[in-house]
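Listed here are the chains, written in short residue letters.
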Amino acid sequence: MYNSKIIGLGKYVPDNVVTNNDLSKMMDTNDAWIQERTGIKERRWVKEGSGDTTATMGVKAAKIAIERAGIDKDDIDFIVFATLSPDMYFPGPGVQVQHALGIKTVGALDVRNQCSGFVYALSVADNFIKTGMYKNILVIGSELHSHGLDKTTRGRSVSVIFGDGAGAAVLTREENNSKGILSTHLHSEGEHAEELVLIAPGLGKRWVNDILKDNDPNDESYFPYMNGQFVFKNAVVRFSEVIMEGLIKNNLQVDAIDMLIPHQANLRIAQFIQKKFKLNDDQVFNNIQKYGNTTAASIPIALTEAWEEGKIKEGDTVVLAAFGSGFTWGSVIIKW
Ligand code: UT7
């Protein structure tokens with residue numbers, strides 16, 4: 001068995017900055033509420049006509065990650081793409097990346113695990129590498145939320161939270177089993193599938209022909225719904241559990257964590273975890289203030305920034321953890 005290790009990281013966020021004050025011109029909200037409840041000051045929203053999509057942003061992040069990895073695109077054996085906001089309902093964006101980067105006809109897998117998407121994607125890639133099936137895998141998390149949000153007061157409890165962007169990582173085979181990704185831990189609880197959900201264009205509840213026939217301007221099934229407080233309460237419990245699960249699996253104590261990168265769901269969630277585990281400010285990385293919640297892109301964007309800022313060094317124990325729609329949650333323990 002091998003380990004996998006991350007040898008290249010990249011991110012891309014659209015130029016267009018949308019502040020909380022900008023949002024207050026679209027809906028009944030305000031900077032104080034958003035900052036107090038979420039920690040978010042601004043987010044990036046793709047400007048119409050810019051050409052940015054979930055796939056193209058993923059490609060931009062991937063190009064940087066591949067260059068930093070120092071490998072050629074033709075060395076990539078497999079692509080895993082995590083998103084909840086694909087350009088098309090099908091096919092998923094993995095194949096768009098294969099085409100746009102001109103990578104040979106390797107497999108491209110799309111992961112649909114929302115906020116936990118990147119953690120799930122890393123786990124898949126890690127296990128393909130561990131078994132020896134592939135050597136180099138490109139893993140992407142990318143989201144274009146802004147085109148699908150209800151930007152009226154009706155949607156304010158969801159739309160102020162989400163932002164657009166992409167992050168990518170290149171994983172390669174590591175022969176030293178004490179380095180790289182040590183373990184990944186994945187969970188789900190489908191009982192709560194509809195507590196954070198986008199009903200359409202799924203076909204289980206509404207048939208496309210009925211939606212078209214009804215042509216109802218009040219149809220909210222195309223906008224995300226979130227039972228915010230319920231999600232919050234579950235998130236703090238599951239984040240804690242799955243971080244501990246990863247540490248215990250590797251015989252590590254909480255004080256071994258050099259850098260915790262939580263999915264950027266809400267600054268209050270990250271602060272709760274930090275306090276619970278008695279971690280210092282320099283042991284937890286947050287950038288939700290600048291980007292909002294970018295779902296599957298949040299961990300790779302944060303990981304890239306933490307690495308770019310020199311906050312992750314060789315030998316560090318890095319912990320990634322996520323929770324979100326599904327419910328799904330997971331963690332990744334890395335010896336950098
Ligand atoms: O990434 C996936 C995982 N996601 C999460 O983990 C998110 C978890 N949940 C949350 O982060 C929080 O629940 C929210 C940030 C979504 C909401 O914060 P909250 O403290 O739970 O607020 P609330 O939903 O209980 O709403 C409190 C009040 C309500 O007014 P009333 O009923 O008290 O009069 C809302 O109508 O705030 C109102 N409100 C707003 N006010 C101004 C809701 N959204 C807004 C808004 N601006 N954007």
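No experiment lies behind these values; they were computed from the predicted model shown. (Residues numbered from 1 in each chain as written. Predicted model: local features only at pLDDT ≥ 70, side-chain atom pairs only at ≥ 80, totals over all residues. Heavy atoms only, no water.)

A.B. asks: Give me the UniProt feature "domain: Beta-ketoacyl-[acyl-carrier-protein] synthase III N-terminal" (unreviewed entry) in the chain: which residues, what numbers.
C.D. replies: Cross-referencing UniProt, the feature "domain: Beta-ketoacyl-[acyl-carrier-protein] synthase III N-terminal" (unreviewed entry) maps to residues 109-190 in the present numbering. Here residues 109-190 runs as 22% helix and 35% strand, with 22 Å between its end C-alpha atoms. (UniProt positions renumbered as here; feature names shortened; annotations may be inferred. Helix = DSSP H or I, 4+ residues; strand = E, 2+ residues; numbered from the N terminus.)

A.B. asks: Please set out the pattern of salt bridges residue by residue, giving values where relevant.
C.D. replies: Proximity of charged atoms lets side chains of opposite charge pair with each other. Under the counting rule described, the total for this entry stands at 19 salt bridges. Of the charged contacts in the structure, one is a salt bridge between arginine 156 and aspartate 28, with a shortest N-O distance of 3.7 Å. Taken together, the positions of arginine 156 in helix 6 (residues 156-159) and aspartate 28 in the loop between helix 1 (20-24) and helix 2 (31-38) put the pair 128 residues apart, joining distant regions of the chain. Under the relative-accessibility criterion, arginine 156 is labelled partly exposed at 36%. For arginine 154, the salt bridge identified is with aspartate 150, shortest N-O distance 2.7 Å. By relative accessible area, aspartate 150 is classed as buried at 7%. If you follow the salt bridges from partner to partner, you end up with Lys11, Arg68, Lys290, Glu305 and Glu308 in one network. (Salt bridge = Lys/Arg side-chain N within 4 Å of Asp/Glu carboxyl O. Buried < 20%, exposed > 50% of the residue type's maximum accessible area, 1.4 Å probe, protein only.)

A.B. asks: Give me the lowdown on the domain arrangement of the chain, citing residues and values where you can.
C.D. replies: In terms of domain boundaries, the chain breaks down into domain 1 (3-177) and domain 2 (181-335). Here the C-alpha centroids of domain 1 and domain 2 sit 13 Å apart. With 54 residues of domain 1 at the contact, the number on the domain 2 side is 49 residues. Between domain 1 and domain 2, roughly 4000 Å² of surface is buried when both sides are summed, and carbon and sulfur atoms account for 64% of that area. Scanning the region where domain 1 abuts domain 2 turns up 4 salt bridges. For lysine 11, the salt bridge identified is with glutamate 305, shortest N-O distance 3.3 Å. The tally of links between domain 1 and domain 2 comes to 21 residue pairs in polar contact (both at pLDDT 80 or more). Those elements giving two or more residues to the side of domain 1 that touches domain 2 turn out to be strand 1 (3-12), helix 2, strand 3 (42-44), helix 5 (117-130), strand 6 (137-143), helix 6 and strand 7 (165-174). (Domains from an automatic or database assignment. Contact = heavy atoms within 4.5 Å. Buried area = accessible area lost by both parts, 1.4 Å probe. Polar contact = N/O pair within 3.5 Å; in protein donor to acceptor, adjacent residues only side chain to side chain.)

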